[in-house]
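Each chain is listed here by its residues.
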Amino acid sequence: MARRRVHSVDDLLDVAEQIVTSADPAGLTLRSLARAAGAANGTIYHAFSSKDQLLAQLWLRAWSRLNELMAEAHGEVRDSGSGVAAVVAVALAPVAFVRRFPDSARLFFAQRRDQLFSEDLPPDIEAELRAVHKSFVDLLITLAKGVWDRGDRDAVEAIAVCVVDIPTGILRRRIVEGQFVDEATSQRLEAAVRAVVALPLPPRVDKPPRVDETPRVDETRSNS
């Protein structure tokens, strides 16, 4: 009978996430993770080849969780026939993310990706990051077509304002200040999203958004 793994990768990421969100990210090292997790150094080095890889996997898990919640929210209203309702549902998914995965949300919204790890990552991690980003862009395009029957850059940018810029701007301050995300916050977020969607788009330009030009959800925040 196989022995049960005491320290799964997900368990180790939970501990690493707590270290990063409770102190300066620089305080996380592979050795400090081993101490905090009560694991042997060999276990940590077997799971993560470097601190950059560890932080990248931590970031990837947080982003994947948010992406999954957005996809679930979209799926719940997709058949309603209302493109606006779909945008609102996806825009509110970050609220569910904060409540369900508070440490992941703190990591994701309070830290910029380029402040956590370098771009020199193993090919498999790079491929996963690209896949999550492509899934996110595909969702933006789907939402834009649902509202305006357009998937061009202007339409997708307007959706990005709704599901990235507005939720991030509203939630980031509350997360950093340790404030609870209450129902009033959700209502303000929804009101702002509906106001943006109600604005007319510029005349159509038939240039579809490129994945590498679409703002990543992690690149829309300031360094303040």
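Just so it is clear, the model here is predicted, and its values are computed rather than measured.

**Brief notes about the confidence of the model for the protein chain**
- Within the protein chain, residue pLDDT values average 86, and 88% of them lie at 70 or more.
- For the stretch residues 1-5, pLDDT sits under 50, and the model shows zero contacts to residues farther than four places along the chain or on other chains.

**A word on the pattern of salt bridges**
- The full count for this structure, using the stated rule, is seven salt bridges.
- In this structure, R61 and D14 form a salt bridge, with 2.9 Å as the shortest nitrogen-oxygen distance. Placement of the pair is R61 in helix α4 (residues 51-77) and D14 in helix α1 (residues 9-22), with a sequence separation of 47 residues.
- Residue R61 is classed as buried on the basis of its relative accessible area, which comes to 9%.
- Judged by relative accessible area, D14 falls into the partly exposed class, the value being 30%.
- Here the salt bridges do not stand alone but share partners, grouping D10, D14, E17 and R61 into one network.

**Quick look at the side chain of S186**
- As for its placement among the helices and strands, S186 is situated in helix α10 (residues 183-198).
- For S186, a relative accessible area of 9% corresponds to the buried category.
- If we ignore the near neighbours within four places in the chain, the residues touching S186 are L92, V95 and R99.

**So, the packing of helix α6 (residues 102-110) against helix α9 (residues 153-176)**
- It is the contact of α6 with α9, at a shortest axis distance of 10 Å, that shows an interaxial angle of 115°. In the crossing of α6 with α9, the sense of the turn from one axis to the other is left-handed. In contact with A105, R106, F109 and A110 of α6, α9 contributes T168, R172, I175 and V176.
- A breakdown of the residues in the contact of α6 with α9 according to their chemical character gives five nonpolar, one polar and two charged.

Cut-off values and rules
Residues numbered from 1 in each chain as written. Predicted model: local features only at pLDDT ≥ 70, side-chain atom pairs only at ≥ 80, totals over all residues. Heavy atoms only, no water. pLDDT = per-residue confidence, 0-100. Contact = heavy atoms within 4.5 Å. Salt bridge = Lys/Arg side-chain N within 4 Å of Asp/Glu carboxyl O. Helix = DSSP H or I, 4+ residues; strand = E, 2+ residues; numbered from the N terminus. Buried < 20%, exposed > 50% of the residue type's maximum accessible area, 1.4 Å probe, protein only. Axes fitted to C-alpha atoms, helices over the stretch in contact; angles between N-to-C directions. Left-handed = near helix turned anticlockwise from the far one by under 90°. Nonpolar A, V, L, I, M, F, W, Y, C, P; charged D, E, K, R; others polar.

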